[in-house]
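The lines below spell out each chain.
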Amino acid sequence: MARMPVQFRLNGSDRAVFVEPAETLLGTIRRGLGDFAPKFGCGQGTCGVCTVLVDGEPRLGCLTLSVTCEGRSIETASGLADGPTLHPLQAAFMEHFAAQCGFCTPGMLMAAKALLDRNPDPTRVEVVEAIAGNVCRCTGYEPIINAILAAAQQRGARRA
Amino acid sequence: MPVNVRIVQGLQEAAEILAADRGARLLGGGTLLVRDINEGVMTEGTLLRALDPVLLAINAGGARIELGAGVTMAMVLANRDLSYLHAPARGIGGPAVRTTATIGGNLFASTPYGDFTTALLALDAVVTLHAGFGGARVMPLEEMLTNRARGGVGLVISVGFNRPAGADAFRFLKVARVRPKGISVLSIAAHLPQNAGRISGARIAYGAMGPTPLRAKAVERVLEGRGLDAATIAAAKTAALEGTQPATDAIASEWYRREVLPVHLGRLLAGETS
């Protein structure tokens, strides 16, 4: 089967790749472009560890075909930090012990970023709903929820 | 031959490919078909992606609603005119699933998925199928689901239905073991228009209680012409299981689904669900 050309922006950089027709965005990002932040978990859309943003919307990299991302802007957890300066969400995750094994963390961060970009001052219920598609088997979720709320509060304080 | 992907602009070209190639499948959001590829269920054939904007059309402002097959659950949730459909749309996966999962894909989701289709069934929806050279054929959703079970449907362009009679006339309940996101034990949708305190034209639909979403016609007959009081609800619960064929799967056993359906139906009719 002929490989297909795809162009998109990945964390602000223009990228052009040839992909297999049924290749997933997760496979392209990891194997093709060497960004190993999004993880492969279930491959069924259940665990959320492959969550990336496509044009600002949360998407599951394992269920998104790369050929459907032509011209789109893709964001992964690798693009969150500004050089040595962590993104407020990353800093809050560290501060609130929101990562243990860390496997879910890149997906959690991107799900949380999608929420805060759309809703800078979410309620606890809205945070829970935003990460409902992301499974964590270590933390019990409470530190993650607290970290996202703290990041929102910090961003709000910076804006004020 | 591995899985191929073809991207086409128009519905006519998509319909011709689907008619000529029995192995071709129309790609909605990919939440079901790409999963099949990942799991090795689909190892060959063609995925067809149609870019025709008619698939993304939303006409939700009037009494007659029309939603393109490519409209996503996130698009439904973002539309205030479709607030009565927000509960079934929110029941589909997490946020990252809802940005891709489409109405058209949900029509073809195997049990226990397809909760949005359950809601559409209770709204007496019809599906518009591509019929060649710009033509269209309208078919009741119930008939489409029967055809789906037999294996032949065609290219679904949109779904249409009348706006529910009132804010309290349409009710939806998804029963899942995991909250806020979990696969259905079962789902129930009810459209209960009332005339002078009596139900007229009741529609009840179940999800995960058969091979496809199905109408609870025995319950509808019980409700017709009666007030929604305790005696009516008790009679509806007695008739709840007629025509159901639930499956045993990883979410629940057939026995469990049969046991809990009347309980949840009673709660939905009594307005006791949150």
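Quantities reported herein were computed from a predicted structural model and do not represent experimental measurements.

Rules used throughout
Residues numbered from 1 in each chain as written. Chains lettered and ligands numbered in written order. Predicted model: local features only at pLDDT ≥ 70, side-chain atom pairs only at ≥ 80, totals over all residues. Helix = DSSP H or I, 4+ residues; strand = E, 2+ residues; numbered from the N terminus. Buried ≥ 20, exposed ≤ 12 C-beta atoms within 10 Å, placed from the backbone. Contact = placed C-beta atoms within 7 Å. Pairing = 2+ DSSP bridges. Axes fitted to C-alpha atoms, helices over the stretch in contact; angles between N-to-C directions. Domains from an automatic or database assignment. Core = buried A, V, L, I, M, F, W, Y, C linked by C-beta atoms within 7 Å. Parallel < 35°, antiparallel > 145°, perpendicular 65-115°, else oblique. Left-handed = near helix turned anticlockwise from the far one by under 90°. Nonpolar A, V, L, I, M, F, W, Y, C, P; charged D, E, K, R; others polar.

**Observations concerning the overall build of chain A**
So, step 1. Scanning chain A from terminus to terminus reveals five helices and five strands.
So, step 2. Along chain A, helices (α) and strands (β) appear in the sequence β-β-α-β-β-β-α-α-α-α when read from the amino end.
So, step 3. With the principal axes as the frame, chain A shows a C-alpha extent of 50 × 35 × 25 Å.
So, step 4. Among the 160 residues that make up chain A, the fraction classed as buried is 48%.
So, step 5. Taking as baseline every contact in chain A between residues at least 6 positions apart, the subset at least 24 positions apart corresponds to 58%.

**Details of the overall build of chain B**
So, step 1. When you go through chain B residue by residue, the secondary structure sums to 11 helices and 14 strands.
So, step 2. Over its C-alpha atoms, taken along the principal directions, chain B stretches across nearly 60 × 40 × 30 Å.
So, step 3. Relative to its 274 residues, chain B shows a buried fraction of 46%.
So, step 4. Pairs at least 24 apart in sequence give 59% of the contacts found in chain B among residues at least 6 apart.

**Observations concerning the interface of chain A and chain B**
So, step 1. Taken residue by residue, the interface counts 27 residues in chain A and 23 residues in chain B.
So, step 2. Counting only elements with at least two residues in the side of chain A that touches chain B, the list comes to strand 4 (57–60), helix 3 (105–118) and helix 4 (124–130) of chain A.

**Concerning the sheet that holds strand 8 (residues 156–162) of chain B**
In sheet architecture, strand pairing relies on hydrogen bonds along the backbone and comes in two forms, parallel and antiparallel.
Residue and element names in this part refer to chain B.
So, step 1. On the basis of which strands lie adjacent, the open sheet formed by five strands has the order 4-5-8-6-7 and antiparallel pairing. Edge strands, defined here as strands with exactly one partner in the open sheet, are strand 4 (58–59) and strand 7 (136–140).
So, step 2. Here strand 4 pairs with strand 5 (residues 64–68) via two bridges, running antiparallel. By the bridge assignment, N59 is partnered in strand 5 with E66.
So, step 3. The strands touched by helix 8 (residues 141–150) within the sheet are strand 6 (126–130), strand 7 and strand 8, with strand 7 carrying the most contacts at an inclination of about 90 degrees.

**Some details on the domain arrangement of chain B**
So, step 1. Per the domain assignment, the segments of chain B are domain 1 (3–50), domain 2 (53–162) and domain 3 (170–270).
So, step 2. Computed from C-alpha atoms alone, the centre-to-centre distance between domain 1 of chain B and domain 3 of chain B is 34 Å.

**Let's talk about the environment of G61 of chain B**
So, step 1. On the secondary structure map, G61 of chain B appears in the loop between strand 4 and strand 5.
So, step 2. Residues G61 of chain B and F172 of chain B, 111 residues apart in the sequence, show an inter-C-alpha distance of 21 Å.

**Remarks on the domain arrangement of chain A**
Residues and elements named next belong to chain A.
So, step 1. Examined at the domain level, chain A breaks down into domain 1 (4–79) and domain 2 (88–159).
So, step 2. When each unit is reduced to the centre of its C-alpha atoms, the spacing between domain 1 and domain 2 is 21 Å.
So, step 3. Taken together, the 16 residues of domain 1 in the interface contact 13 residues of domain 2.
So, step 4. Those elements that provide at least two residues to the side of domain 1 that touches domain 2 are strand 3 (51–54) and strand 4.

**Notes on the nonpolar core**
So, step 1. In this structure, A111, A112 and I148 of chain A together with L120 of chain B are the most contacted members of the largest nonpolar core, which totals 128 residues.
So, step 2. For this core, the leading source of residues is helix 3 of chain A, giving seven residues.
So, step 3. Setting aside residues no more than four positions away along its own chain, I148 of chain A makes contact with L89, A112 and V127 of chain A.

**Notes on the environment of C42 of chain A**
Residue and element names in this part refer to chain A.
So, step 1. Positionally, C42 belongs in the loop between helix 1 (25–32) and strand 3.
So, step 2. For C42, a count of 16 C-beta atoms within 10 Å translates into the label partly exposed.
So, step 3. C-alpha of C42 to C-alpha of V6: the two residues are 36 residues apart in sequence and 25 Å apart in space.

**Quick word on the packing of helix 2 (residues 88–95) of chain A against helix 3 of chain A**
All names here are of chain A.
So, step 1. Contact geometry for helix 2 and helix 3: axes closest at 10 Å, N-to-C directions at 125 degrees. Between helix 2 and helix 3, the angle is such that the two are oblique. You can see that helix 2 and helix 3 cross each other, and the crossing is right-handed. Residues L89, Q90 and F93 of helix 2 pack against T105, L109, A112 and K113 of helix 3.
So, step 2. In the contact of helix 2 with helix 3, the residues fall into four nonpolar, two polar and one charged.

**A look at the sheet that holds strand 2 (residues 13–19) of chain A**
Residues and elements named next belong to chain A.
So, step 1. Spatial ordering of the open sheet is given by 2-1-5-3-4, a layout of five strands whose pairing is mixed. For this open sheet the edge positions go to strand 2 and strand 4, each flanked by a neighbour on one side alone. On average, each strand axis in the sheet is inclined to that of its neighbour by 40 degrees, with strand direction left out of account.
So, step 2. In terms of strand pairing, strand 1 (residues 4–10) meets strand 2 through seven bridges, oriented antiparallel. Within strand 2, the position partnered with V6 by the bridge is V17.
So, step 3. Along the sheet, helix 1 contacts strand 1, strand 2 and strand 3; its crossing angle with strand 2, the most-contacted strand, is approximately 105 degrees.

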